[in-house]
Amino acid sequence: MVRAAGVGPEHLALLVDRAAADHSRALRGPSPRTPYPPTLARARRAHTAHRARRRRAASQEQGVISAFNMSKDTLSNFLNVVFAGYHNNPYHNFQHAISVLHACCLLLSAGNQSDGKRTLDPLHTLALLVAALGHDIDHPGVSNAFIVNSGSPLALCYNDESVLENHHAATTFTLLADKRNDILETLEPSERRIVRQLVCKCILATDMAHHSELVRQITRLGADHTAVEPVDVLTSFLHLADLSNPVLQFPLSKRWALLVCDEFSAQARCCAAAAACGAGLASAAAAAAADARSLRRRSARLSSACRSRRTTRT
Ligand SMILES: [Zn+2]
């Protein structure tokens, strides 16, 4: 696995800008050449409604930096080590982290404006942004099932429970433990504990094994109209942002979908090779291959839906 090399702050800033610009472009109004499949159009319209709030989202992020008197050098160091911590995987790479970070900013912006006041304080906002940046750090490009079935040391370390997510959270805080990268250095010890708890909970909740439970919880909260705990808002925001690719402009959404397929396919090949050597990964290989095939079929269906809509219009 090739690791991202360390880069200078200028290069990093360029990368972040480019990824955010890609993501912003993807949220603009649908181009007449690339109509959306009907199933995605509704979700896409909801995102488009927040278009005007994008600038405010960016300034809110800067608000966090000034609220905690964050050193720009420390922030630059932190971003650099986070960038270097992501592998050059087809999908789980630094660009994905930035895409998720940007979607979190949009959700924060939308949430804060729904009732005319801020629903989350700067400490919560900071926790969400740190969690978004680190939520897939050091991802090896294979799933929890692969890691557990292959008896990896990581699985032993985390007792087979949300192995990757535990590792992402632990890696994020290992980076923050270095004073040069510690963007939380100005926080009071009690605030730091709160941020740590929130970041860990948010990252752990990105495990797809908890998806159904999280959806049930969000649905229940919405139906009851009861007060929502900040931690529930943050975990929901990060999970939503992590799965927000389908509401991007279709060409970009399709690109991400194909990249996920590539990653699954690589894992399936890896499993098959291991199974051939008697490593007991045959079922994991079959599951990964089936996932890749199902994603490719879904992507092909969306492409053909797009093509037929385009033909109908012309
Ligand atoms: Zn992710």
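Residues numbered from 1 in each chain as written. Predicted model: local features only at pLDDT ≥ 70, side-chain atom pairs only at ≥ 80, totals over all residues.

S.K.: Can you walk me through the environment of P246 in this structure?
M.R.: Assignment of secondary structure puts P246 in the loop between α12 (230-242) and α13 (250-276). P246 sits 11 residues away from A257 along the chain, and the two C-alpha atoms are 8.4 Å apart. (Helix = DSSP H or I, 4+ residues; strand = E, 2+ residues; numbered from the N terminus.)

S.K.: What is the right way to read the nonpolar core from this model?
M.R.: A general tendency of soluble globular proteins is for nonpolar side chains to be buried together. C104, A127, L128, A132, C202 and L238 are the most contacted members of the largest nonpolar core, which has 41 residues in total. Core analysis: the second largest hydrophobic core is formed by 12 residues, W256, A257, C261 and A268 among them. (Core = buried A, V, L, I, M, F, W, Y, C linked by C-beta atoms within 7 Å. Buried ≥ 20, exposed ≤ 12 C-beta atoms within 10 Å, placed from the backbone.)

S.K.: It is not clear to me how the confidence of the model for the protein should be interpreted in this structure. Could you clarify?
M.R.: Interpretation of this model should avoid reading the predicted coordinates in detail wherever pLDDT is low. When pLDDT is averaged along the protein, the result is 77, and 64% of the positions lie at 70 or above. Note that pLDDT drops below 50 for residues 1-12; the model gives that stretch 20 contacts with residues more than four away or on any other chain. Under a pLDDT of 50 for its full length, residues 27-40 has, in the predicted model, 27 contacts with residues more than four places off or in other chains. (pLDDT = per-residue confidence, 0-100. Contact = placed C-beta atoms within 7 Å.)

S.K.: Please explain helix α10 (residues 189-204) as it appears in this structure.
M.R.: In this model α10 runs 22 Å from its N-terminal to its C-terminal C-alpha over 16 residues, within 8% of the 22 Å that 1.5 Å per residue would give. Residues V195, L198, V199, C202 and I203 constitute the buried set of α10. Buried residues in α10, looked at end-on, bunch into an arc of 125 degrees, giving them a common side. Exposed residues pointing more than 90 degrees away from the buried face of α10 are listed as P189, S190, R193 and Q197. In this structure, the buried side of α10 is in contact with α6 (122-134), α9 (163-176) and α12. (Expected span 1.5 Å × (residues − 1). Arc of directions from axis to C-beta.)

S.K.: Hey, could you run me through the environment of D138 in this one?
M.R.: When you line up the elements, D138 lands in the loop between α6 and α7 (144-149). The exposure class assigned to D138 is buried, which follows from the 20 C-beta atoms found within 10 Å. When the C-alpha positions of D138 and V82 are compared, they lie 8.9 Å apart, and in sequence the two are 56 residues distant. If we skip the residues at most four places from it in the chain, D138 touches G85, H167, H168 and T171.

S.K.: Mind showing me how you'd approach unusual backbone geometry here?
M.R.: Where the residue is not glycine, phi is negative for most of them; where a peptide bond is considered, it is trans in most cases. Positive phi, normally seen in glycine, also occurs at N69, with a value near 50 degrees. If you trace the backbone, N69 turns up in the loop between α3 (54-67) and α4 (72-85). For S162, which is not glycine, the phi torsion reads 40 degrees and is therefore positive. Residue placement: S162 occurs in the loop between α8 (153-157) and α9. For S162, a count of 20 C-beta atoms within 10 Å corresponds to the buried category.

S.K.: What am I meant to see in the environment of D178 here?
M.R.: Turning to its location among the elements, D178 is positioned in the loop between α9 and α10. What makes D178 exposed here is the crowd of 11 C-beta atoms within 10 Å. Taking the C-alpha atoms as reference points, D178 and F78, separated by 100 residues in sequence, lie 9.4 Å from one another.

S.K.: How should I be thinking about helix α11 (residues 211-224) in this particular structure?
M.R.: In an α-helix, one full turn covers 3.6 residues, which means residues spaced three or four apart are oriented alike. In this model, α11 (14 residues) spans 20 Å end to end at C-alpha, consistent with the 20 Å of a helix rising 1.5 Å per residue. In terms of burial, α11 is largely open, as just zero of its 14 residues are buried. Directly after α11, the chain includes H225, whose backbone phi takes a positive value near 55 degrees.

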